[in-house]
Amino acid sequence: MHTDFPNHYVAAILALRHEPLRQFYDWEWFQRQIQYAGIDRQLGGYTPYPPLTMIPLLPLAKLPPQRAKHVWLVLQLLFLAASIGLLSRLSQVGLLETLLLALVAYVSLATNFALGQYYVFLAFLLSAAVFCLLRGREWTGGALLGLIFSLKLYAAPFLLFFAVRRQWRALSGMAVSAAALGLAAVAWFGWHDVWFYVTSVMSRGIDGSIVDPYDPGLGSMAVLLRRLFVPEPELNPHPPVNAPALFFFLQTFYSLGLLAVALLFLPGRSKDDAPAVAYFIVVLFALSPVTASSHFILLLVPVVVLLGGATPARKMGLTALYILVQLPVRPPAAWLFPKLWFSLALAAYAGWPFRSNIRRRPAIAALAIVAAVSALASWRRSASYRSEPPQTAELVAPRLGALLSSAPAIGPGGPVYESMEDEFFGLRTGAQKLIFDGEAFHPAVPRRGSPIYFELVSHGHSQIVSTTGDVLVGHEMEPSEPAVSPDGARLAFISHGSLFVSGRMLIQEEVSDPAFFPDGQRIAFAQGFPGRRSIRAVAASGGVSETLVEGGDNFEPAVSASGELLAYVHQELGARQVWIRNLASGVSSRLTSGACNNDWPAWDSRAVVFASDCSRGYGLTALYRLPAR
């Protein structure tokens, strides 16, 4: 049981429960749900998948995890067989030859089968879409591409392809299908959560800011350019050239420029549209912001289509480039990005017969427009970049290669925080790594510094435990998010959406993020559904709560040692930012900036320690410190 299957399987379970979609994109929350589904020692996440990516797994969500994966494996074999049959019939390439070409992608197939990934299924949908487009069923072909777009965004530029070539039936089919599925997502998850995905998650996925965006194993142009020009102290501390503005320009110029050239290359409608459709699919692959080994089975579709009707010499060239693209890459060679260059070579070779279609003036005009748009994008993104924590704040607890450091709690010896390790979430304090039998979340530290209290999720259940080995709240309550009073006398936690203090329920319904005031007599907390939360406070002994912050989405409160200032996270549209509120005057001011997420504030004297995913993968944060203003 390995990623990526648990991601889609657990998301299907959560969708059937109508859990809030925006929570799917919270790494910690989703990891907890993986444990609750009965899957141990397996890191996972739903970022940056579109809301409906889990649809194919919905019929399997009622099965136990391993049985569901067995069924999915059988389905993948059927999808592969169907793809081979469709492509052979469409291209007049024999079944045996098509099978052999599929087996050339053995690394991709092995990854998909072993890890339960998604791309054999996408290859089947893509094969069916191309089959329909080239057999005169354009509306159906467009509708299938709309389905692919709704599941993985991969097919979005086909809207431009159809518009440029005036394939109005295919365009309408794709638009209607995508719109219908978008409305289905809204009906299922609600408008606010789908809009959250569009404004907060989708842009980061398109940008390639997922997982480790500097990992050469995700060998795309976006990764290469980021490694060359963008410093990140833990993931890319020493780029060859420190020039983020150049990265912003080149990333946009490459994406828009390659797409513009590909559209200018396209021939008009003819009796044989197969080469144009196949060429455009190869271009889309070269445009992808992330290209893991599992993705490359998708290239089977355009290559088989291009081989049908090609001359012997051209068949040799296509086959040779396809084999080179599919060859496994060993880690020492990954930093050379061989798959990227072979993919670009395959795109150039596939489009070479169309070179006479391009006209100099339109091409120059298009590239000038692309350059202007890229310069504007670089200027805007550079302005945001200069205001982000990596440029304005002090890095806390740096660790080379660390993917996630989050939820800091400040003790006498410094911060204690969540850390994403190889197969689990653990805790770290200074240079010490604390390992437990399960996932460790939400450390809480009393004023004296020990013991550390935290949520331990293992074997499908949660507990509140301490580093002394004591179980303070058992799994029968499924507790989460512990908070301890400064004197260590009171423990607050969340159970089934309600706030408990020392075993007594204080507040019911949609409560999260408890935090004690420094006197230990009051507790701040967030209340409401994700997306519409306010921050409130209540006496630790119970009573009527009062509102501290409202309007938009406000959560993760933290009260300063003086009791005068409240740090919290606020989100209305796009990024999450840390704000400071003077509790006496009621005036709030923003502490952090940038087109990225800054959250989990904790007070360290008059400074705020917080987590930031700026220049990193979405939600995969590092810790920074800023003085309160």
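Values in this document were obtained by computation on a predicted structure and should not be read as measured data.

(A) View of the overall build of the chain. In terms of regular secondary structure, the chain is built from 20 helices and 24 strands. Relative to the globule expectation of 25 Å for 629 residues, the C-alpha radius of gyration of the chain, 26 Å, shows essentially globular dimensions. Projected onto the principal axes, the alpha-carbon positions of the chain cover approximately 80 × 50 × 45 Å. Burial status across the chain gives 59% buried among its 629 residues. Surface accessibility of the chain: about 25300 Å² in total, with carbon and sulfur atoms responsible for 62%. Mean positive and mean negative side-chain charge positions of the chain (48 and 42 charges, respectively) differ by 13 Å.

(B) Local environment of the pairing of strand S19 (residues 565-571). Counting buried positions along S19 gives seven out of seven residues, so the element sits mostly inside the fold. Sheet analysis places strand S18 (residues 553-559) next to S19, joined by five bridges and oriented antiparallel. Bridge pairing in S19 links Asn-554 to His-570. Two successive antiparallel strands, S18 and S19, enclose a turn made up of five residues, where Gly-563 displays a positive phi of approximately 80 degrees. Counted between consecutive antiparallel strands, the loop separating S19 from strand S20 (residues 577-582) contains five residues, among which Gly-574 sits at a positive phi close to 85 degrees.

(C) Broad picture of the nonpolar core. Grouped together as the largest cluster of nonpolar side chains are 123 residues, with contacts concentrated most on Phe-24, Tyr-25, Leu-145, Phe-158 and Phe-162. Here the element with the most residues in this core is helix H14 (residues 274-287); it accounts for 13 residues. When near neighbours in sequence (up to four residues on either side) are disregarded, Tyr-25 contacts Tyr-46, Thr-47, Pro-48, Tyr-49, Pro-50, Pro-51, Phe-196, Tyr-197, Val-201 and Tyr-618. Counting residues in each nonpolar core, the second largest holds 14 residues, with Ala-558, Leu-591, Tyr-624 and Ala-628 among its members.

(D) Region of the structure containing the layout of surface pockets. Here the second largest pocket defines a volume of roughly 1000 Å³. What lines the second largest pocket is a set of 44 residues, and nearest its centre among them are Gln-23, Trp-29, Arg-32, Glu-481 and Ser-512. Broken down by secondary-structure element, the contributors of at least two residues to the lining of the second largest pocket are helix H2 (21-24), helix H3 (27-36), strand S10 (479-484), strand S11 (491-495), strand S14 (511-516), S18 and strand S22 (598-604). Per element, the largest residue contribution to the lining of the second largest pocket is six residues, and it comes from H3. Taken together, the residues that form the lining of the second largest pocket break down as 15 nonpolar, 13 polar and 16 charged.

(E) The arrangement of the sheet that holds strand S17 (residues 546-549) in detail. Strand order in this open sheet of four strands is S14-S15-S16-S17, and the pairing throughout is antiparallel. The sheet is open, and its two edges are formed by S14 and S17, each paired on a single side. Put simply, the sheet's adjacent strands are angled 30 degrees from each other on average, direction ignored. As paired strands, S14 and strand S15 (residues 522-527) are joined by four bridges and run antiparallel to one another.

(F) Looking closely at the environment of Pro-48. Locating Pro-48 in the fold gives a position in the loop between H3 and helix H4 (65-91). Residue classification places Pro-48 among the buried residues on the basis of a relative accessible area of 18%. Taking the C-alpha atoms as reference points, Pro-48 and Val-201, 153 residues apart in sequence, are found 6.2 Å from one another. Residue contacts for Pro-48: discarding those within four places in its chain leaves Tyr-25, Tyr-197, Val-201, Gly-205 and Ile-210.

(G) Spotlight on empty space enclosed by the protein. One pass over the full model with this rule turns up three cavities of 30 Å³ or more. The calculated volume of the largest cavity comes to roughly 50 Å³. Around the largest cavity sit Gly-219, Ser-220, Met-221, Phe-285, Ala-286, Ser-288, Thr-291, Phe-296, Lys-339, Leu-340 and Ser-343, which together line it. Of all the secondary-structure elements, those providing two or more residues to the lining of the largest cavity are H14 and helix H18 (338-351). No other element matches the three residues that H18 contributes to the lining of the largest cavity.

(H) Representation of H18. Look at H18: 20 Å from first C-alpha to last across 14 residues, which is about the 20 Å you get at 1.5 Å a residue. Among all positions of H18, only Lys-339, Leu-340, Ser-343, Leu-344, Leu-346, Ala-347, Ala-350 and Gly-351 are buried. Seen from one end, H18 has its buried residues packed into an arc of 160 degrees, which puts them on one side. Against the buried residues of H18 lie helix H12 (221-229), helix H13 (244-265), H14, helix H15 (300-307) and helix H16 (312-326).

(I) Spatial organisation of the environment of Met-316. When you line up the elements, Met-316 lands in helix H16. As for Met-316 and Leu-218, which are separated by 98 residues in sequence, their C-alpha atoms are 28 Å apart.

(J) Broad picture of the sheet that holds strand S7 (residues 453-458). With antiparallel pairing, four strands are arranged side by side in an open sheet as S6-S7-S8-S9. The open sheet terminates on both sides in strands that have one partner only, identified here as strand S6 (439-444) and strand S9 (471-473). For this sheet, the mean angle separating the axes of adjacent strands, direction not counted, is 35 degrees. Pairing of strand S8 (residues 461-466) with S9, which is carried by two bridges, proceeds in the antiparallel orientation. Pairing of Ile-464 across the sheet is with Val-473, part of S9. Where H3 meets the sheet, it contacts S6, S7 and S8, and its direction lies at approximately 135 degrees from that of S6.

(K) Main features of the state of the cysteines. The full count for this structure, using the stated rule, is one disulfide. Cys-596 shares a disulfide with Cys-614; S-S distance 1.9 Å. In this structure, the disulfide formed by Cys-596 and Cys-614 twists by about 65 degrees around the S-S bond and is classed as right-handed. Here Cys-596, found in the loop between strand S21 (588-590) and S22, pairs with Cys-614, found in the loop between strand S23 (607-612) and strand S24 (622-627); they are 18 residues apart in sequence, far enough to count as distant.

(L) Fine view of the side chain of Ser-405. Here Ser-405 lies in strand S2 (residues 405-411). In terms of polar contacts, Ser-405 uses its side chain to reach the side chain of Arg-399, at 3.4 Å. Those residues within four positions of Ser-405 in sequence are excluded, and the remaining contacts are Arg-399, Tyr-417, Glu-418, Ala-611, Thr-621, Ala-622 and Leu-623.

Conventions and cut-offs
Residues numbered from 1 in each chain as written. Predicted model: local features only at pLDDT ≥ 70, side-chain atom pairs only at ≥ 80, totals over all residues. Heavy atoms only, no water. Helix = DSSP H or I, 4+ residues; strand = E, 2+ residues; numbered from the N terminus. Rg over C-alpha atoms; globule rule 2.2 N^0.38 Å. Buried < 20%, exposed > 50% of the residue type's maximum accessible area, 1.4 Å probe, protein only. Areas by Shrake-Rupley, 256 points an atom, 1.4 Å probe, with all protein chains shown as cover. Lys, Arg positive; Asp, Glu negative; His and termini not counted. Charge placed at Lys NZ, Arg CZ, Asp CG, Glu CD. Pairing = 2+ DSSP bridges. Core = buried A, V, L, I, M, F, W, Y, C linked by side-chain atoms within 4.5 Å. Contact = heavy atoms within 4.5 Å. 1 Å grid on protein atoms, 1.4 Å probe; cavity = no way out; pocket = protein on both sides within 12 Å on 5 of 7 lines; lining within 4 Å. Points joined across faces, edges and corners; volume = space filled by probe spheres on them. Nonpolar A, V, L, I, M, F, W, Y, C, P; charged D, E, K, R; others polar. Axes fitted to C-alpha atoms, helices over the stretch in contact; angles between N-to-C directions. Expected span 1.5 Å × (residues − 1). Arc of directions from axis to C-beta. Disulfide = S-S within 2.5 Å. Polar contact = N/O pair within 3.5 Å; in protein donor to acceptor, adjacent residues only side chain to side chain.

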